[in-house]
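In case you want the letters, here they are:
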Amino acid sequence: MSKKAELLEAIAGKNRGLLASEIDNARVLSAIQQLEDTNPTNKPLEAKDLLNGDWRLLYTTSKGILGLDRFPLFKLGQIYQCIRVSEAKVYNIAEIIGLPMLEGLVSVAASFDPISDRRVNVIFERSIIGLQRFLGYKTPAKLIQQIESGKKFLPIDFKIDRGDQQGWLETTYLDQDMRIGRGNEGNVFVLTKETFLV
């Protein structure tokens, strides 16, 4: 079995990490490290065609992301990280599943600044929170197109103070359809590439 297949097997059934025990996390982290050792893309920030696009989260250890699942009557749906290399922008989009017609959305737009072949500093700039139907949400690509056009969203759409942000993200594995990242808080992210019609 390939290292990639071993990782996919380790994360299967863990619901992006929500259902992972400490033992599961240890097994996944071991599989991630073994796959990172075989990274076919030594300079991921230079592999713009591979890096660019819409990525769906398969697994994370981020309590901030997984914590979105703790609200009563709501469950965490799909989570996307959409990278626009030419604009040096990244969009994090979390779909929240609720009662019919009450599906929500949490989105954060950020810019990034490369500081090595693998690492970028991330500066969060804007947050959008609301019900999908009020936001007119269809797909991440469509939402990003609306954000980039300057559209304002209701009920919650605000700028994030740059303040003392110290966030960074390092791409430690990148191929045609999988990306692994590690963040400044020690979190790991395993993502697969998606294709959406705008």
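Procedures and definitions
Residues numbered from 1 in each chain as written. Predicted model: local features only at pLDDT ≥ 70, side-chain atom pairs only at ≥ 80, totals over all residues. Heavy atoms only, no water. Buried < 20%, exposed > 50% of the residue type's maximum accessible area, 1.4 Å probe, protein only. Helix = DSSP H or I, 4+ residues; strand = E, 2+ residues; numbered from the N terminus. Contact = heavy atoms within 4.5 Å. Core = buried A, V, L, I, M, F, W, Y, C linked by side-chain atoms within 4.5 Å. Salt bridge = Lys/Arg side-chain N within 4 Å of Asp/Glu carboxyl O.

(A) Highlighting helix H6 (residues 140–148). Taken residue by residue, H6 has Pro 140, Ala 141, Leu 143, Ile 144, Gln 146 and Ile 147 as its buried positions. Tucked inside the fold, the buried residues of H6 contact strand E1 (53–60), strand E2 (75–84), strand E3 (89–97), strand E4 (104–114), strand E5 (119–131) and helix H5 (132–135). A positive phi of about 95° marks Gly 150, the residue just after H6.

(B) Broad picture of the nonpolar core. By size, the foremost hydrophobic cluster in this structure holds 21 residues, and its most contacted members are Leu 51, Ile 83, Val 90, Val 120, Val 122 and Leu 174. For this core, the elements supplying multiple residues, two or more each, are helix H3 (48–51), E1, E2, E3, E4, E5, strand E7 (168–174) and strand E9 (188–194). Ignoring any residue separated from it by four or fewer positions in sequence, one finds Val 90 in contact with Gln 81, Cys 82, Ile 83, Val 108, Ala 109, Ala 110, Phe 112 and Val 122.

(C) Looking closely at the pattern of salt bridges. Evaluated as defined, the whole model comprises eleven salt bridges. Residue Arg 119 is joined to Glu 170 by a salt bridge in which the shortest nitrogen-to-oxygen separation is 2.9 Å. Taken together, the residues Arg 119 in strand E5 and Glu 170 in strand E7 connect sequence positions 51 residues apart. The exposure class of Arg 119 is partly exposed, given its relative accessible area of 25%. Under the relative-accessibility criterion, Glu 170 is labelled buried at 15%. Asp 157 is the partner of Lys 152 in a salt bridge, and the nearest nitrogen-oxygen pair spans 3.9 Å. With a relative accessible area of 58%, Lys 152 lands in the exposed category. Residues participating in the shared-partner salt-bridge network are Lys 4, Asp 175 and Asp 177.

(D) Spatial organisation of the environment of Asn 25. With respect to the helices and strands, Asn 25 occurs in helix H2 (residues 22–36). Separated by 35 residues in the primary sequence, Asn 25 and Thr 60 place their C-alpha atoms 9.3 Å from one another. In contact with Asn 25, not counting residues within four places along its chain, are Ala 20, Tyr 59 and Thr 61.

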